[in-house]
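Close look at the chain arrangement
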Amino acid sequence: MLEARKVLGADLFRVFAAMPEQYRRHGIGVYRRVHANGCFDPVVWQAALLHDSGKYDPVNGSYVMLGHRVAVVLLEVLPGGKRMLHRLSRRNHASGLVGWALYPFYLSRHHARLGAKLADEHGAATDVVDLISRHHNKVEGDERLAILQAADDKE
Ligand SMILES: [Fe+2]
Ligand SMILES: [Fe+2]
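This is a predicted model, so every value here is computed, not measured.

This part is about the coordination of the iron ion (ligand 1). In this structure, Asp52 (OD), His111 (NE2), His135 (NE2) and His136 (NE2) serve as the protein donors to the iron ion (ligand 1), at separations of 2.1 to 2.2 Å. Along the chain, the residues that donate to the iron ion (ligand 1) are spaced as D-x58-H-x23-H-H. If you look at the iron ion (ligand 1) and the iron ion (ligand 2), they sit 4.0 Å from each other and are both ligated by Asp52. Here His111 lies in helix α6 (residues 96-121) and Asp52 lies in the loop between α3 (42-50) and α4 (66-77), a separation of 59 residues in the sequence. Of the two residues, Asp52 and His111, neither departs from the other in class, the shared state being buried.

This is the structure:
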């Protein structure tokens, strides 16, 4: 956590520190792999720590839990599952029981964009925001993105 605080600075560290422990651990894991792969670019370091921050909504405390992740993986391979997943991911607020149950699907689907917005609101540099927003995109020839995705894929 001390190292994350140093890498992120006070404002961005607040985003990181508020994340559920499993996401903090994942972010640190990706950061360590990026580091171990010989990357010494603070833009990639910050993006590594915060790339999945959009899976958590600090306003209402909702986040993508294991059950949602399993459901997403299953629906992506089942016949008609993608359409169903698309429908489940529409609820963009957590009010009521249905909202509470479905909102994490929305967070899961849109977490790259939401995480980028969160980082932007906390003063992240444009390159960091951009990297977070594209961390699931297939892009050729973007070295920073390739480093981040290579480290992310291993977990
Ligand atoms: Fe992600
Ligand atoms: Fe990730």
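In this approach a probe as big as a water molecule rolls over the atoms, and the regions it shows empty are the leftover space. Of the pockets and cavities examined, the largest pocket occupies roughly 690 Å³. Around the largest pocket, the lining comprises 22 residues; the ones closest to its centre are Lys55, Arg69, Ser108, His111 and His136. Its residues assigned to classes, the lining of the largest pocket comprises seven nonpolar, seven polar and eight charged. Here the second largest pocket is characterised by a volume of approximately 190 Å³. Surrounding the second largest pocket, 13 residues form its lining, Asp57, Pro58, Leu114, Lys117 and Leu118 being those nearest its centre. Considered class by class, the residues forming the lining of the second largest pocket number seven nonpolar, two polar and four charged.

Definitions and cut-offs
- Residues numbered from 1 in each chain as written.
- Chains lettered and ligands numbered in written order.
- Predicted model: local features only at pLDDT ≥ 70, side-chain atom pairs only at ≥ 80, totals over all residues.
- Heavy atoms only, no water.
- Donors = N, O, S within 2.8 Å, 3.2 Å for Na, K, Ca; no water.
- Helix = DSSP H or I, 4+ residues; strand = E, 2+ residues; numbered from the N terminus.
- Buried < 20%, exposed > 50% of the residue type's maximum accessible area, 1.4 Å probe, protein only.
- 1 Å grid on protein atoms, 1.4 Å probe; cavity = no way out; pocket = protein on both sides within 12 Å on 5 of 7 lines; lining within 4 Å.
- Points joined across faces, edges and corners; volume = space filled by probe spheres on them.
- Nonpolar A, V, L, I, M, F, W, Y, C, P; charged D, E, K, R; others polar.

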